[in-house]
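Listed here are the chains, written in short residue letters.
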Amino acid sequence: MKVVDHLKKTDKTQFSLEVLPPKKGDNIQHLFDHIDPLMEFKPPFIDVTYHREEYVFKKMPNGLLQRKTTRKRPGTVGICAAIKNKYDVDTVPHIICGGFTREETENALIDLNFLGIDNVLLLRGDAIKSEARFIPEPEGNNYAIDLVNQVMDMNNGRYLDDTLENASSTDFCIGVAGYPEKHAEAPNMKIDLKYLKQKVDAGAEYIVTQMFFDNKKYFDFVDQCRAAGINVPIIPGLKPITTLSQIQILPNTFHIDLPEDLADALEDCKDNKQVLEVGVEWAIQQSKELMSNGVPTLHFYSMGKAEPVYRIAKELF
Ligand code: FAD
């Protein structure tokens, strides 16, 4: 079933989550152990992230470093199918431009279609660490909008090989990313919203936000989207802070601010046990306010840590 149909089914705020594929070599049972307790809150869908290749350096016997490319968390398509099978829940694979040709993307979409997966979250992806800015693959997609166009083409029975006759149409429900605090590379919010609107006008049916810790940023973003003519559901993305180091890591990685009250409370913590309490309590209060404003679902970035998300959801659902 499509994410947008799940959202239409009820006026109540639902619980959903995003998980990471296990690291290469890890057993999928670890991921199931992570998801098992959270199924108590009946998520209508579970997102699975996609991770592009990274460069690793291996020391050779002669002392020189050899550069190798590796994908540390492969398996998004297979994991989506495995979760869907095990829990009878809809899964949303993330599909990224970075590192893929359009043909490879098409083949992944064909696999997803055969597996009965109805949803995709379409993203550009970030630059790999050794590159200063995002560089698409030759023959690859450049922006998320290009992916939206590619999936919409397949939804209309148009594949890259235009000699195919009677090609069957896919019927993917498309989600895209939005940034309440602006995407880091956008010169300003107005231009970022212009490109977000392009994705929606091209066929995206819902938006999932980057994590934020100040609800006002989300409410303002929704208002700005509506004023710009973006009228699809906007799902808030949430993450509980669980370690002291995240005070720096989260703003640096995701280009977001921590509100003063939260940052002060975290700075007063003596250890990560106390941080976890502050982080969980903050997320509960954030969630309650979002729910009372009628958000369609609270979408939790579990990032390999189920327990804090379980505690928050137990308070709310
Ligand atoms: P785009 O929509 O392509 O936008 C990227 C930038 O280009 C923006 O600044 C935008 O304003 C600008 N822009 C857009 N279109 C144009 C245009 N036509 N011309 C000029 N400028 C343009 N990354 C992963 O690698 N894997 C994941 O699984 C993943 N999941 C995510 C889930 C969510 C909910 C979010 C919010 C992010 C996720 N990301 C993931 C991170 C994401 O890939 C990065 O934030 C990336 O830098 C931007 O992706 P996008 O889809 O928003 O890009």
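The structure this text deals with has already been given above.
This one's a predicted model, so the numbers in the text were calculated from it and none came from an experiment.

The rules behind each value
Residues numbered from 1 in each chain as written. Predicted model: local features only at pLDDT ≥ 70, side-chain atom pairs only at ≥ 80, totals over all residues. Heavy atoms only, no water. Phe/Tyr/Trp six-rings, centres within 6.5 Å; stacked < 30°, edge-to-face > 60°. Helix = DSSP H or I, 4+ residues; strand = E, 2+ residues; numbered from the N terminus. Buried < 20%, exposed > 50% of the residue type's maximum accessible area, 1.4 Å probe, protein only. Patch = residues over 30% accessible without salt bridge, like charges linked within 9 Å, V, L, I, M, F, W, Y side chains within 5 Å. Areas by Shrake-Rupley, 256 points an atom, 1.4 Å probe, with all protein chains shown as cover. Salt bridge = Lys/Arg side-chain N within 4 Å of Asp/Glu carboxyl O. Lys, Arg positive; Asp, Glu negative; His and termini not counted. Charge placed at Lys NZ, Arg CZ, Asp CG, Glu CD. Expected span 1.5 Å × (residues − 1). Contact = heavy atoms within 4.5 Å. Axes fitted to C-alpha atoms, helices over the stretch in contact; angles between N-to-C directions. Left-handed = near helix turned anticlockwise from the far one by under 90°. Nonpolar A, V, L, I, M, F, W, Y, C, P; charged D, E, K, R; others polar. Near = heavy atom within 4 Å. Polar contact = N/O pair within 3.5 Å; in protein donor to acceptor, adjacent residues only side chain to side chain.

**A closer look at the packing of aromatic side chains**
Given two aromatic rings, their pairing is described by the distance between the two centres and the angle made by the two planes.
Thought 1: One pass over the full model with this rule turns up 8 aromatic pairs.
Thought 2: Relative to Tyr-87, the ring of Phe-32 lies with its centre 5.9 Å away and its plane at 75°, an arrangement referred to as edge-to-face. Of this pair, Phe-32 sits in helix α2 (residues 28-35) while Tyr-87 sits in helix α3 (residues 76-87); the two residues are 55 residues apart in sequence, bridging distant segments of the chain.
Thought 3: For Phe-32, a relative accessible area of 9% corresponds to the buried category.
Thought 4: For Tyr-87, a relative accessible area of 16% corresponds to the buried category.

**Digging into a negative patch on the surface**
Thought 1: Taken together, the side chains of Glu-260, Asp-261, Asp-264, Glu-267 and Asp-268 make up a negatively charged region of the molecular surface.
Thought 2: Summarising the element assignment, Asp-261 is placed in helix α9 (residues 260-267).
Thought 3: Asp-261 gets classed as exposed once you look at its relative accessible area, which sits at 58%.

**With respect to the pattern of salt bridges**
Thought 1: Per the stated rule, a full pass over the model turns up 10 salt bridges.
Thought 2: A salt bridge links Glu-40 to Lys-314; the nearest nitrogen and oxygen atoms lie 2.6 Å apart. Pair noted here: Glu-40 is in the loop between α2 and β2 (45-48) and Lys-314 is in helix α11 (residues 306-316), with a separation of 274 residues, a long-range link.
Thought 3: For Lys-314, a relative accessible area of 47% gives the class partly exposed.

**Topic: α3**
Thought 1: Between its terminal C-alpha atoms α3 stretches 16 Å, which fits the 16 Å expected from 12 residues at 1.5 Å a residue.
Thought 2: Buried within α3 we find Thr-76, Val-77, Ile-79, Cys-80, Ala-81, Ile-83 and Tyr-87.
Thought 3: On its buried face, α3 is in contact with β1 (14-19), α2, β2, β5 (90-96) and α4 (102-114).

**Here's the deal with the packing of helix α6 (residues 189-202) against helix α7 (residues 215-227)**
Thought 1: Across the interface, α6 lies against α7 with an axial gap of 10 Å and an inter-helix angle of 60°. Relative to α7, the crossing made by α6 is right-handed. Of α7, the residues touching α6 (which contributes Met-189, Leu-193 and Leu-196) are Phe-221, Gln-224 and Cys-225.
Thought 2: Split by residue class, the contact of α6 with α7 holds 5 nonpolar, 1 polar and no charged.

**Examining the site of the ligand**
Thought 1: The environment of the ligand is formed by 24 residues, the closest being Tyr-50, Asp-126, Tyr-179, Asp-192 and Lys-199.
Thought 2: At 2.9 Å, a backbone N or O of Arg-124 approaches an oxygen atom of the ligand.
Thought 3: One of the backbone N or O atoms of Gly-125 is found 2.9 Å from an oxygen atom in the ligand.
Thought 4: For the ligand, whose free accessible area comes to 980 Å², the fraction covered by protein is 86%.

**Structural notes on unusual backbone geometry**
Thought 1: In the Ramachandran plot, Asp-88 falls in the positive-phi region, its phi being about 55° despite a non-glycine side chain.
Thought 2: With respect to the secondary-structure elements, Asp-88 resides in the loop between α3 and β5.
Thought 3: Of note, the phi angle at Asn-166 is positive, near 55°, even though the residue is not glycine.
Thought 4: Topologically, Asn-166 is positioned in the loop between α5 (144-155) and β7 (173-178).

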